[in-house]
Amino acid sequence: MSRVPLFLFACGAIVLQAQHAYTPADIAEGGRLFRANCVLCHGPEGDQIPGIDLGHGKFRQQYSEDALVKIIQNGIPGTAMPPHNLQDLQAGTIVGYLRSVATSGRTVSGNGNAGRGKAVFEGKGACTSCHRVSATGARTGPDLTDVGSQRRAVEIEQSLLDPDAEVLPQNRYYRVTTKAGETITGRLLNIDTFTVQMLDSKERLLSFPRSSLQAAAFIEKSAMPSYRDKLSQQELADLVAYLVSLKGI
């Protein structure tokens, strides 16, 4: 990594200038690592801590990109920022992801109303047929009880319009084919040396001895339908507003 610190000034804050190129795969991995290690304190938009806006490259001091990598790895002594056991490339992809956040923006299709969005979620969108919020809904899709504390508004909107654009590893569906010729698709709950446990489309917990299977693999495409032509722009904005409001119990 380059050791030359480059900075731009904007709105009275120090903004880190791009120093390294990251591929889409790098950025996707950086997003995964950010959600796994950083989102709890910094929030999905990176602006949950006063005076710091990671999504816009704004910090309390001047930092080169390499310095940010070291902060991610080593933390900041005397503060709540802990160290993380990440390699240089892993920490670098987090920086690359945060840079992409700034360029992708935070606006969605419009100003939504969370109350109306809940009605869309439970009604026209039929989201509870797959997803669960608190104690309501099905378990065949990801639990959305705290999706607003994990995902950015633009990421939620993208998932609604183009579900295949990014399928998080934990949300991929799994398909097994038994030696008897039966094919079952569902959410993978656990896989070990001897068995595969899944939740099928009827929410049945199934367990298969691996010796009974002729094929087993993840499905790369999302099981979720696109709402691009199913909801109006206002309904989409309302649904996004509702999902963003879900911060857990």
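Going by the structure above, here's the rest.
Residues numbered from 1 in each chain as written. Predicted model: local features only at pLDDT ≥ 70, side-chain atom pairs only at ≥ 80, totals over all residues. Heavy atoms only, no water.

## Some thoughts on the side chain of Gln 73
Checked against the element boundaries, Gln 73 lands in helix 3 (residues 65–74). Separated by 2.8 Å, the side chains of Gln 73 and Asp 88 make a polar contact. Aside from chain neighbours lying at most four places away, what touches Gln 73 is Pro 83, His 84, Leu 86, Gln 87, Asp 88 and Ala 91. (Helix = DSSP H or I, 4+ residues; strand = E, 2+ residues; numbered from the N terminus. Polar contact = N/O pair within 3.5 Å; in protein donor to acceptor, adjacent residues only side chain to side chain. Contact = heavy atoms within 4.5 Å.)

## Considerations on the pattern of salt bridges
One pass over the structure, following the stated rule, counts 14 salt bridges. The salt bridge partner of Lys 124 is Glu 235, with a shortest N-O separation of 3.0 Å. With Lys 124 in the loop between helix 5 (114–122) and strand 4 (132–133) and Glu 235 in helix 7 (residues 233–244), this pair connects stretches of sequence that are 111 residues apart. In this structure, Glu 220 engages Arg 172 in a salt bridge whose closest nitrogen and oxygen atoms are separated by 3.4 Å. (Salt bridge = Lys/Arg side-chain N within 4 Å of Asp/Glu carboxyl O.)

## Observations concerning the sheet that holds strand 9 (residues 205–209)
The strand order across the open sheet built from 5 strands is 9-8-7-6-10, with neighbouring strands paired in antiparallel fashion. Each end of this open sheet is capped by a strand with a single partner; those strands are strand 9 and strand 10 (213–219). Within the sheet, the average angular offset between the axes of one strand and its neighbour, ignoring direction, is 40 degrees. Relative to strand 8 (residues 195–200), strand 7 (residues 183–191) is paired through 5 bridges, and the arrangement is antiparallel. Note that in strand 8 the partner of Asn 190 across the bridge is Gln 197. (Pairing = 2+ DSSP bridges. Axes fitted to C-alpha atoms, helices over the stretch in contact; angles between N-to-C directions.)

## Concerning the packing of helix 3 against helix 4 (residues 88–104)
Two elements in contact, helix 3 and helix 4, have axes separated by 9 Å at closest approach and are oriented at 115 degrees. The handedness of the crossing between helix 3 and helix 4 is right-handed. Only Asp 88, Ala 91, Gly 92, Ile 94, Val 95 and Arg 99 of helix 4 make contact with helix 3, whose side of the interface consists of Glu 65, Leu 68, Val 69, Lys 70, Ile 72 and Gln 73. Residues of the contact of helix 3 with helix 4, tallied by class, amount to 6 nonpolar, 2 polar and 4 charged. (Left-handed = near helix turned anticlockwise from the far one by under 90°. Nonpolar A, V, L, I, M, F, W, Y, C, P; charged D, E, K, R; others polar.)

## Describing the pairing of strand 6 (residues 173–178)
Working note: regular strand, side chains alternate between the two faces of the sheet. Across the 6 residues that make up strand 6, a large majority, 5, are buried. As judged from the 5 bridges shared by strand 6 and strand 7, these two strands associate in the antiparallel manner. When the sheet's bridge partners are listed, Tyr 173 is paired in strand 7 with Arg 187. What sits between the antiparallel neighbours strand 6 and strand 7 is a turn of 4 residues, in which Gly 181 has the positive phi angle 100 degrees. The pairing of strand 6 with strand 10 spans 6 bridges and is antiparallel. Note on strand 10: the bridge partner recorded for Thr 177 is Ala 215. (Buried < 20%, exposed > 50% of the residue type's maximum accessible area, 1.4 Å probe, protein only.)

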